[in-house]
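Observations on chain architecture
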Amino acid sequence: MRGSIVIVAMFVVGVIAGAMGLAEIPEQSDVSFYVLCALIFFVGMSIGSDTGTLRSFKRLNPRLFALPVLTIAGTIAGSAMAALILPHSATDCMAVGSGLAYYSLSSVLITESRGADLGVVALLANILREIFTLLLAPLLARYVNPLAPIAAGGATTADTTLPIISRASGAGYVPLSIAHGFVCDFSVPFLVSFLCTL
Amino acid sequence: MMALGLAAGYLLRYRRTEWLPKAVTAMVWLLLLLLGVEVGSNAMIMGNLHRLGLDALIIAALATIFSIVASAVLWHRLKSGSPDAGNGNTTSESELCEKEDGR
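The model shown is predicted, which means the values in this text are computed figures rather than measured ones.

**Things to note about unusual backbone geometry**
All names here are of chain A.
- The phi dihedral of Leu-100 is positive, around 50 degrees, even though this residue is not glycine.
- Judged by its relative accessible area of 0%, Leu-100 falls in the buried class.
- With a phi close to 75 degrees, Ala-101 is a non-glycine residue in the positive phi region.
- With respect to the helices and strands, Ala-101 occurs in the loop between α5 (90-97) and α6 (103-114).
- Of the residues examined, Ala-101 reaches a relative accessible area of 2% and is grouped as buried.

**Details of the packing of aromatic side chains**
- As enumerated under the stated definition, the model contains two aromatic pairs over all chains in all.
- On the numbers, 5.8 Å between centres and 70 degrees between planes, the contact of Phe41(A) with Phe42(A) is edge-to-face.

**Re the packing of α6(A) against helix α7 (residues 116-143) of chain A**
Residue and element names in this part refer to chain A.
- Where α6 contacts α7, the two axes come as close as 7 Å, and the packing angle between them is 165 degrees. In terms of their interaxial angle, α6 and α7 are classed as roughly antiparallel. Relative to α7, α6 is oriented so that their crossing is right-handed. Contacts between α6 and α7 involve Tyr-103, Ser-106, Ser-107, Ile-110, Thr-111 and Arg-114 from the former and Ala-116, Asp-117, Leu-118, Gly-119, Ala-122, Leu-123, Asn-126, Ile-127 and Glu-130 from the latter.
- Within the contact of α6 with α7, the residues separate by chemical class into seven nonpolar, five polar and three charged.

**Brief notes about the interface of chain A and chain B**
- In this assembly, 81 residues from chain A lie in contact with 64 residues from chain B.
- Taking both partners together, chain A and chain B bury about 6400 Å²; carbon and sulfur atoms supply 82% of that area.
- Inspection of the region where chain A meets chain B yields zero salt bridges.
- Our count for the contact surface shared by chain A and chain B stands at five residue pairs in polar contact (both at pLDDT 80 or more).
- Looking at the side of chain A that touches chain B, the elements that each hand over two or more residues are α1 (2-19), α2 (31-49), α4 (66-85), α5, α6, α7, α8 (148-153) and α10 (174-197) of chain A.
- Tallied by class, the residues present in the side of chain A that touches chain B amount to 55 nonpolar, 22 polar and four charged.

**Let's talk about helix α2 (residues 19-40) of chain B**
- For α2(B), which comprises 22 residues, the first-to-last C-alpha distance of 31 Å matches the rise-based estimate of 32 Å (1.5 Å per residue) to within 8%.
- Within α2(B), burial applies to Leu20(B), Val24(B), Met27(B), Val28(B), Leu31(B), Leu32(B), Leu34(B), Leu35(B), Gly36(B), Val37(B), Val39(B) and Gly40(B).

**Overview of the environment of Leu109(A)**
Residue and element names in this part refer to chain A.
- With respect to the helices and strands, the residue Leu-109 is situated in helix α6.
- Considering only alpha carbons, one finds Leu-109 and Val-96, 13 residues apart in sequence, at a separation of 10.0 Å.
- Not counting residues within four places of it along the chain, the set of residues in contact with Leu-109 comprises Leu-36, Ile-40, Pro-189 and Val-192.

Conventions adopted
- Residues numbered from 1 in each chain as written.
- Chains lettered and ligands numbered in written order.
- Predicted model: local features only at pLDDT ≥ 70, side-chain atom pairs only at ≥ 80, totals over all residues.
- Heavy atoms only, no water.
- Buried < 20%, exposed > 50% of the residue type's maximum accessible area, 1.4 Å probe, protein only.
- Helix = DSSP H or I, 4+ residues; strand = E, 2+ residues; numbered from the N terminus.
- Phe/Tyr/Trp six-rings, centres within 6.5 Å; stacked < 30°, edge-to-face > 60°.
- Axes fitted to C-alpha atoms, helices over the stretch in contact; angles between N-to-C directions.
- Parallel < 35°, antiparallel > 145°, perpendicular 65-115°, else oblique.
- Left-handed = near helix turned anticlockwise from the far one by under 90°.
- Contact = heavy atoms within 4.5 Å.
- Nonpolar A, V, L, I, M, F, W, Y, C, P; charged D, E, K, R; others polar.
- Buried area = accessible area lost by both parts, 1.4 Å probe.
- Salt bridge = Lys/Arg side-chain N within 4 Å of Asp/Glu carboxyl O.
- Polar contact = N/O pair within 3.5 Å; in protein donor to acceptor, adjacent residues only side chain to side chain.
- Expected span 1.5 Å × (residues − 1).

From the geometry alone we can't say anything about function, so treat these as descriptive.
In structure tokens form, the structure reads like this:
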């Protein structure tokens, strides 16, 4: 939770500094591109070195993977529907949606390849998805099904939304929620960069 | 870049990597600060912020609703005992949910 607040605060500080002319990014600046390259490299490194998680995936019931796959498919379908009513292309909407509530990484990836305005949409859309999940998890678990809060949470179900899911769906769903969060987490950089190249 | 990172991470998997998440967090902070500055100094984006927010709301809502629908499809298949047993799908609710007394 503290981490999320710092992330939003960084963005807000940047907006204020930019609006007041305190900070300026030169027109042809490549700083963020190089930082992003380093970021991607380190994200890849942490996935590659995390053999413990990869090994624990192998022990899991392979059917557990049906839920994250459906979450991702549903998300991409829903985002594509959004393109019907919004002035963005279907691939732009799908790239935003495929952040799966992992707003920090998805927004910087999209900013770099699609520009700051879609980056802002990605940041807000994915923060909103996390907020929806935190607010609606108890209702979803009661009136839809215990899997619904996990599907809604996307990539956050292994960390920020895990406590509320555990309370709403029941502690028995914690292992599924963590597995779901990890699969979605790992998919975000690949999905977002793939959809941005389309 | 991602492939290089994956390879490097795999080769260094026995080294200490506690600093990695911190490095990732620091870079995400820096990039979001830069995104903020870019947005703040761009009058066109600042003027359209309410519209971008509405777009974000619509995408977030539809993405969330459709993933919930997808989960409901899975849930009903589990509940109905998978009548389409042709693919050997015999998943039951208990396979997804560890009952507390079952541990």
